[in-house]
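Survey of secondary and tertiary structure
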Amino acid sequence: MTTVAKAGLEDVVVSTSEICFIDGRQGRLLYRGFDIDDLVAHSTFEEVVYLLWHGALPSRKELDAHKKALVRARKLPPRFITFLKDLPKKTAPMEVLRTGVSALSAFDPDAADNAREATIRKAIRLTAQMPTLVAAWERIRRGKAPVAPNPRLSHAANFLYMMFGKKPTDLAARTFDVALILHADHEFNASTFAARVTAATLSDLHSAITSAIGALKGPLHGGANEQVMHMVEQIKDPARAEAWIRKALADKARIMGFGHRVYRVEDPRAKHLRRLATLLGEQTGDTHYVASLNTVARVVTEEKHIYPNVDLYSGAAYTTMGVPTDQFTPIFAISRVAGWSAHVLEQHAHNRLIRPRAEYTGPTSATYVPIDQR
Ligand code: COA
């Protein structure tokens with residue numbers, strides 16, 4: 001058999017893909033050839049979703065139709081809301097999302113149809129329903145009634161409206177829109193690979209997204225931004241940040257929000273979130289999260305030569321908007337569903353079962369001993 005790949009499949013190229021390009025040395029990220037810096041400056045999440053699924057920017061007519069389809073699909077079936085209300089209130093939002101996405105297939109008229117057009121219809125529904133689900137659970141677990149989607153608001157603004165029951169400021173809505181753009185895809189990361197492995201068995205979109213959400217949940221992937229905020233809470237005062245991080249490094253702790261399998265420089269998404277988290281902090285008069293994170297970033301970069309990733313500043317922005325920490329990873333998912341869906345479409349279009357091998361290192365001549373003789 002051929003040689004074993006490096007642990008964690010590091011540097012293994014498993015497939016071609018036309019969706020996303022990462023240049024880890026230059027710190028560039030492209031969706032379908034478009035630099036994310038340009039998309040952040042000029043685009044919206046809705047347009048980026050279209051770009052990822054269809055491979056080109058939409059005309060105005062195409063974008064209007066796409067936005068209308070997303071708005072129309074926002075509502076959750078009433079029986080699904082009843083199902084959410086029956087869950088124990090202590091259930092973590094990420095568990096609710098994973099279970100909820102799987103359950104939504106029971107209400108989807110195209111559930112088992114893997115034709116491209118059916119998968120796009122399901123992707124529209126899931127992309128529209130997931131924010132409603134996440135916001136509804138936030139309300140339900142606090143004993144409040146879910147807020148119905150507002151069709152006049154953008155995808156980003158509507159999510160914040162459903163979560164807090166009031167329209168967000170322009171800066172909060174734009175910050176959230178940019179966060180959604182920045183998290184929408186990232187090549188063959190762990191959750192996307194999980195989605196593609198599931199899709200490659202010719203399983204359906206809901207199953208692939210459920211697999212992906214399970215993979216995203218772990219602290220080495222989507223869960224890192226929650227851990228960053230726990231770090232900032234422990235630091236408490238920016239004046240303590242330098243001593244705190246130096247001690248953590250001396251203790252050989254893994255610092256969340258730093259390092260990346262692919263980037264060797266700062267993650268190109270981090271600067272946008274740093275800028276927006278700083279602006280939000282200034283608007284609300286609370287700059288201590290960003291101040292602590294900037295000190296941590298300076299020390300970690302100097303001492304370890306590892307750089308901020310996308311998770312370092314996103315939590316500071318969400319916290320300033322009032323989003324609870326355990327909702328950060330579900331928010332990551334309501335953006336990444338765009339990329340996961342694009343990858344399922346691509347996988348189904350050129351499918352072959354993904355089935356690697358293991359080099360067996362266990363025994364080969366074990367003798368079975370009956371249970372009463374062991
Ligand atoms: N804090 C401290 N040290 C880190 C580190 C971090 N966040 N990330 C990497 N390193 C160090 C490792 O200790 C290791 O050092 P060593 O060679 O002296 O043992 C080296 O850098 C390589 O790390 P490794 O874990 O092998 O890299 P990886 O490619 O497997 O891991 C991550 C990539 C993202 C899992 C890793 O950087 C990490 O755990 N980061 C924190 C979690 C996080 O922010 N995840 C979100 C990613 S977007």
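You'll find the structure just up there.
Now for a look at the structure at hand. (Residues numbered from 1 in each chain as written. Predicted model: local features only at pLDDT ≥ 70, side-chain atom pairs only at ≥ 80, totals over all residues. Heavy atoms only, no water.)

A count of helical and extended segments in the protein chain gives 16 helices and three strands. Its C-alpha atoms give the protein chain a radius of gyration of 22 Å, near enough to 21 Å, the size a compact globule of 374 residues would have. Reported as C-alpha extents along the three principal axes, the dimensions of the protein chain are approximately 70 × 55 × 50 Å. Looking at the protein chain residue by residue over its 374 residues, the buried ones come to 52%. Contacts in the protein chain between residues far apart in sequence, at least 24 positions, make up 75% of those at least 6 positions apart. Surface summary for the protein chain: the accessible area is close to 18,100 Å², and the carbon and sulfur share equals 53%. (Helix = DSSP H or I, 4+ residues; strand = E, 2+ residues; numbered from the N terminus. Rg over C-alpha atoms; globule rule 2.2 N^0.38 Å. Buried < 20%, exposed > 50% of the residue type's maximum accessible area, 1.4 Å probe, protein only. Contact = heavy atoms within 4.5 Å. Areas by Shrake-Rupley, 256 points an atom, 1.4 Å probe, with all protein chains shown as cover.)

Along the chain, the position of Arg74 falls in the loop between α3 (60–72) and α4 (78–86). Given a relative accessible area of 4%, Arg74 falls into the buried group. Here the alpha-carbon distance between Arg74 and Tyr161, two residues 87 residues apart in the chain, equals 13 Å. Leaving out residues up to four positions away in the same chain, Arg74 has contacts with Ala128, Gln129, Thr132, Pro149, Asn150, Pro151, Leu153, Ser154, His155 and Asn158. For Arg74, the side chain forms a polar contact with the main-chain oxygen of Leu153, separated by 2.9 Å. (Polar contact = N/O pair within 3.5 Å; in protein donor to acceptor, adjacent residues only side chain to side chain.)

Here Asp11, not a glycine, exhibits a phi torsion of approximately 65 degrees, which is positive. As for its placement among the helices and strands, Asp11 is situated in the segment before β1 (20–23). Notably, Glu187 is not glycine yet its phi reads approximately 55 degrees, a positive angle. Here Glu187 is to be found in the loop between α8 (170–183) and α9 (190–199). With a relative accessible area of 31%, Glu187 lands in the partly exposed category.

With that settled, the discussion passes to the site of the ligand. By nearness alone, 16 residues border the ligand, and Arg254, Ile255, Gly257, Phe258 and Arg261 come closest of all. Between the ligand and Leu220, the relevant distance is 3.4 Å, taken from a nitrogen atom to a main-chain nitrogen or oxygen of the residue. Side-chain polar atom of Arg254 to an oxygen atom of the ligand: 2.7 Å apart, as the coordinates give it. Protein chains bury 63% of the 850 Å² of accessible surface belonging to the ligand in isolation. In the shell around the ligand, the residues fall into seven nonpolar, five polar and four charged. (Near = heavy atom within 4 Å. Nonpolar A, V, L, I, M, F, W, Y, C, P; charged D, E, K, R; others polar.)

What follows deals with α4. The complete set of buried residues in α4 reads Phe80, Ile81 and Leu84. Viewed along the axis of α4, the buried residues span an arc of 100 degrees, placing them on a single side of the element. Among the exposed residues of α4, those pointing more than 90 degrees away from its buried face are Pro78, Arg79 and Asp86. On its buried side, α4 packs onto α5 (93–104) and α6 (116–141). (Arc of directions from axis to C-beta.)

Following the sequence through the fold, His348 ends up in helix α16 (residues 328–349). A polar contact is formed between the side chain of His348 and the backbone oxygen of Ala199, at a distance of 3.2 Å. A distance of 3.2 Å separates a polar atom in the side chain of His348 from the backbone oxygen of Ser203. Once residues within four sequence positions are removed from consideration, His348 is found in contact with Asn114, Ala199, Leu202 and Ser203.

In this section: the nonpolar core. Membership of the largest hydrophobic core comes to 109 residues, with the highest contact counts inside it found for Tyr31, Met130 and Phe176. It is α6 that contributes the most residues to this core, 12 residues altogether. Sequence-distant contacts of Tyr31, that is, excluding residues within four places in its chain, are made with Ile19, Cys20, Ile36, Leu39, Val48, Leu51, Leu52, Ile181, Leu182, His183, Ala184 and Asp185. (Core = buried A, V, L, I, M, F, W, Y, C linked by side-chain atoms within 4.5 Å.)

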